[in-house]
Amino acid sequence: MAHLNRDDEVDRIVLAWQRERPDLDVEPLTVFSRVSRLARHLDLARRAAFARRSLETWEFDVLSALRRAGEPYRLSPGALITQTLVTSGTMTNRIDRLESRGLVERHRSPDDRRGILVQLTPTGRAAVDAAMSDLLDVERSVLEPLGPTERTELADLLRLVSGQFDD
């Protein structure tokens with residue numbers, strides 16, 4: 001991996017903490033401050049990519065869950081709640097708003113007369129597909145400084161660290 005010889009803002013923060021609190025091991029800051037800063041930049045880049053397709057981040061989350069479900073791009077509200085980590089009331093509101101925009105439709109569940117299924121419309125599918133392409137372009141450009149092996153190594157390392165938070 002190419003090592004940079006220039007200091008970044010995190011290096012300056014770490015040096016300041018080392019100067020002010022030499023009794024602390026501030027080494028975790030060298031990783032997590034960069035991860036935090038990168039997450040903020042990615043959040044802004046994602047929002048911009050979705051905005052180009054007139055989508056909010058939460059809209060993309062719901063539409064992409066439906067898209068990943070495969071034909072006929074249909075899930076129960078419960079499955080959407082599980083995949084997007086929101087409450088039932090929040091999901092109902094989101095489905096209402098997406099339905100009013102013509103991006104999803106509600107259908108009666110064939111297996112449960114009281115249940116409903118949320119289905120991606122052709123308009124919703126086109127929107128999420130275009131937004132996903134835009135998102136991948138942005139994310140690919142962020143990873144441009146890394147070669148294929150470095151990208152794989154980074155993904156593996158992040159999987160190892162973040163895996164402790166998965167169910």
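These numbers come from a predicted model, not from an experiment. (Residues numbered from 1 in each chain as written. Predicted model: local features only at pLDDT ≥ 70, side-chain atom pairs only at ≥ 80, totals over all residues. Heavy atoms only, no water.)

Participant: What should I look at first to understand the overall build of the protein in this one?
Facilitator: Check the secondary structure of the protein and you find seven helices and three strands. Counting helices and strands in the order they occur from the N terminus, the protein gives α-α-α-β-α-α-β-β-α-α. Dimensions of the protein, computed from C-alpha atoms along their principal axes, come out at roughly 65 × 30 × 25 Å. Residues counted as buried form 26% of the 167 residues belonging to the protein. Considering only intrachain contacts with a sequence separation of at least 6, the fraction spanning at least 24 residues in the protein is 48%. When the accessible area of the protein is evaluated, it comes to approximately 11,600 Å², of which 54% is carbon and sulfur surface. One way to put it: in the protein the 25 positive side-chain charges average out to a point 6 Å from where the 28 negative ones average out. (Helix = DSSP H or I, 4+ residues; strand = E, 2+ residues; numbered from the N terminus. Buried < 20%, exposed > 50% of the residue type's maximum accessible area, 1.4 Å probe, protein only. Contact = heavy atoms within 4.5 Å. Areas by Shrake-Rupley, 256 points an atom, 1.4 Å probe, with all protein chains shown as cover. Lys, Arg positive; Asp, Glu negative; His and termini not counted. Charge placed at Lys NZ, Arg CZ, Asp CG, Glu CD.)

Participant: I'm lost on the pattern of salt bridges in this one. Help?
Facilitator: Oppositely charged side chains are able to pair whenever their charged atoms sit close together. Across all of its chains, the model carries 16 salt bridges by this definition. With a shortest N-O distance of 2.8 Å, Asp 11 and Arg 34 are connected by a salt bridge. Of this pair, Asp 11 sits in helix 1 (residues 9–20) while Arg 34 sits in helix 2 (residues 27–51), and the two are 23 residues apart along the sequence. Assessed through its relative accessible area of 29%, Arg 34 is described here as partly exposed. One salt bridge connects Arg 106 with Glu 99, and the closest N-O pair in it is separated by 2.5 Å. Residue classification places Glu 99 among the partly exposed positions, given a relative accessible area of 32%. Sharing partners across several salt bridges, the network here consists of Asp 8, Asp 11 and Arg 34. (Salt bridge = Lys/Arg side-chain N within 4 Å of Asp/Glu carboxyl O.)

Participant: How should the UniProt feature "domain: HTH marR-type" (unreviewed entry) in the protein be read in this particular structure?
Facilitator: Look at the UniProt record and you will see "domain: HTH marR-type" (unreviewed entry) annotated at residues 28–163. The span residues 28–163 shows a helical share of 68% and a strand share of 9%, and its end C-alpha atoms are spaced 17 Å apart. (UniProt positions renumbered as here; feature names shortened; annotations may be inferred.)

Participant: Got a minute to help me understand unusual backbone geometry in this structure?
Facilitator: Phi is mostly negative for residues that are not glycine, and the peptide bonds are mostly trans. Note the cis peptide between Glu 71 and Pro 72, where omega equals 0 degrees. Tracing the sequence through the fold places Pro 72 in the loop between helix 3 (57–68) and strand 1 (74–75). In this structure, Ser 54 takes a positive phi of about 60 degrees despite not being glycine. Here Ser 54 shows up in the loop between helix 2 and helix 3.

Participant: Any chance you could explain the nonpolar core here in plain terms?
Facilitator: In globular proteins that are soluble, nonpolar side chains generally tend to be buried together. Ranked by internal contacts, the top residues of the largest apolar core, which has 23 residues, are Leu 55, Leu 63, Leu 66, Leu 80, Leu 98 and Val 104. Elements that contribute at least two residues to this core include exactly helix 3, helix 5 (88–100), strand 3 (116–120) and helix 6 (122–142). Ranked by residue count, the leading element in this core is helix 3, at six residues. Those residues within four positions of Leu 55 in sequence are excluded, and the remaining contacts are Phe 50, Leu 63, Arg 101, Leu 103, Ala 127 and Ala 131. (Core = buried A, V, L, I, M, F, W, Y, C linked by side-chain atoms within 4.5 Å.)

Participant: Looking at this structure, I do not really get the packing of aromatic side chains. What am I missing?
Facilitator: When we look at a pair of aromatic rings, we describe it by the centre distance and by the angle of the planes. Under the counting rule described, the total for this entry stands at one aromatic pair. Both rings, one in Phe 50 and one in Phe 60, keep their centres 4.2 Å apart while their planes meet at 15 degrees; by these two values the pair is stacked. Linking Phe 50 in helix 2 with Phe 60 in helix 3, this pair joins segments that are ten residues apart in sequence. We classify Phe 50 as buried; its relative accessible area is 0%. Using a relative accessible area of 5% as the deciding quantity, one classes Phe 60 as buried. (Phe/Tyr/Trp six-rings, centres within 6.5 Å; stacked < 30°, edge-to-face > 60°.)

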